[in-house]
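Fold and geometry: a report
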Amino acid sequence: MNVPVRIEPAAGAPAAVEYRWDPDTDILTANLSAKGTGEGLSGSVGVEGTDGSWLILDVSSGHINGVEVAVWPDVHTRASLAPPANIEDVRVTVPARASQPGIAAVEMDTSLTAEADKSETTIHFRLGNLRQTRTVRIAQDILLDIDQRERIAGLWLLNVPPFPLDS
């Protein structure tokens, strides 16, 4: 898995996150209230799991503005699940590729695993192989696991609302 990022200190409070479930497709979308500006990739970064699952990052001017879980991997339920205690607030930039500056969509194949707490309000996605990471906050309820080479290794969605039930 190779989604390189640049990490910078956060400027201001983390953006709020608005979740939306599509009950017809089981797609979960998380949108950040504040949109970043700057330089970097604009488009989507699609992560396809080896099991057919899909996680899509909406990126504009290098900033992640949203996350969509388009096709869910098998979710392993844990009695409890909490992100690491030591989390730093940062600004993450996804740089444009120097060799392909006009590319607006990037797709990557990797293993994609998901685990959730019993209430399914905390969901953790791991991208690729298990490796040493640090966890950073890019929005109030979205965290990223970043490996030692500053690549995305995981994604946390916190305070996820329940899936809407049919009435």
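Residues numbered from 1 in each chain as written. Predicted model: local features only at pLDDT ≥ 70, side-chain atom pairs only at ≥ 80, totals over all residues. Heavy atoms only, no water.

Looking now at the sheet that holds strand 7 (residues 75-78). If you trace the eight strands from one edge of the open sheet to the other, you get 1-8-12-13-14-11-10-7, paired in mixed fashion. Two strands lie at the open edges of the sheet, namely strand 1 (6-9) and strand 7, each paired on one side alone. Across the sheet, the mean angle from the axis of one strand to that of its neighbour is 35°, orientation sign disregarded. The pairing of strand 7 with strand 10 (residues 112-117) spans four bridges and is parallel. In the strand pairing of strand 10, Thr77 is matched with Ala116. (Pairing = 2+ DSSP bridges. Helix = DSSP H or I, 4+ residues; strand = E, 2+ residues; numbered from the N terminus. Axes fitted to C-alpha atoms, helices over the stretch in contact; angles between N-to-C directions.)

On to the nonpolar core, then. In terms of nonpolar packing, the biggest core is built from 40 residues, with Leu55, Ile64, Phe125, Ile142, Leu144, Ile152 and Leu157 touching the most fellow members. Apart from residues no more than four positions distant in its own chain, Leu144 is found in contact with Ile64, Val92, Arg134, Thr135, Val136, Ile138, Ile152, Gly154 and Leu155. (Core = buried A, V, L, I, M, F, W, Y, C linked by side-chain atoms within 4.5 Å. Buried < 20%, exposed > 50% of the residue type's maximum accessible area, 1.4 Å probe, protein only. Contact = heavy atoms within 4.5 Å.)

What follows concerns the environment of Ser61. Turning to its location among the elements, Ser61 is positioned in the loop between strand 5 (54-60) and strand 6 (63-71). With a relative accessible area of 22%, Ser61 lands in the partly exposed category. Separated by 34 residues in sequence, Ser61 and Pro95 have C-alpha atoms that sit 8.6 Å apart.

On to the pairing of strand 11 (residues 123-127), then. Remember that side chains alternate between the two faces of the sheet whenever the strand is regular. Here strand 11 lies mainly inside the structure; four of its five residues are buried. Two successive antiparallel strands, strand 10 and strand 11, enclose a turn made up of five residues, where Glu120 displays a positive phi of approximately 60°. Note: strand 11 against strand 14 (residues 152-157), four bridges, orientation antiparallel. Bridging across to strand 14, His124 finds its partner in Trp156.

Let us look at the layout of surface pockets. Here the second largest pocket is characterised by a volume of approximately 210 Å³. What lines the second largest pocket is simply Trp21, Asp26, Trp72, Val75, Ala116, Ser119, Glu120, Ile123, Val160, Pro161, Pro162 and Phe163. (1 Å grid on protein atoms, 1.4 Å probe; cavity = no way out; pocket = protein on both sides within 12 Å on 5 of 7 lines; lining within 4 Å. Points joined across faces, edges and corners; volume = space filled by probe spheres on them.)

On inspection of all chains with the given rule, the structure shows three aromatic pairs. On the basis of an interplanar angle of 15° and a centroid distance of 5.8 Å, the ring pair of Trp21 and Trp72 is categorised as stacked. Taken together, the residues span a long stretch of sequence, with Trp21 in strand 2 (residues 17-22) and Trp72 in the loop between strand 6 and strand 7 at a distance of 51 residues. On the basis of relative accessible area, Trp21 is assigned to the buried category, the value being 16%. On the basis of an interplanar angle of 40° and a centroid distance of 5.9 Å, the ring pair of Trp72 and Phe125 is categorised as tilted. Remark: Phe125 occurs in strand 11 and Trp72 occurs in the loop between strand 6 and strand 7; sequence separation between them is 53 residues. With a relative accessible area of 24%, Trp72 lands in the partly exposed category. Taking relative accessible area as the criterion, Phe125 reaches 0% and is therefore assigned buried. What links up through ring pairs into an aromatic cluster is the set Trp21, Trp72, Phe125 and Phe163. (Phe/Tyr/Trp six-rings, centres within 6.5 Å; stacked < 30°, edge-to-face > 60°.)

These figures capture arrangement, not role.
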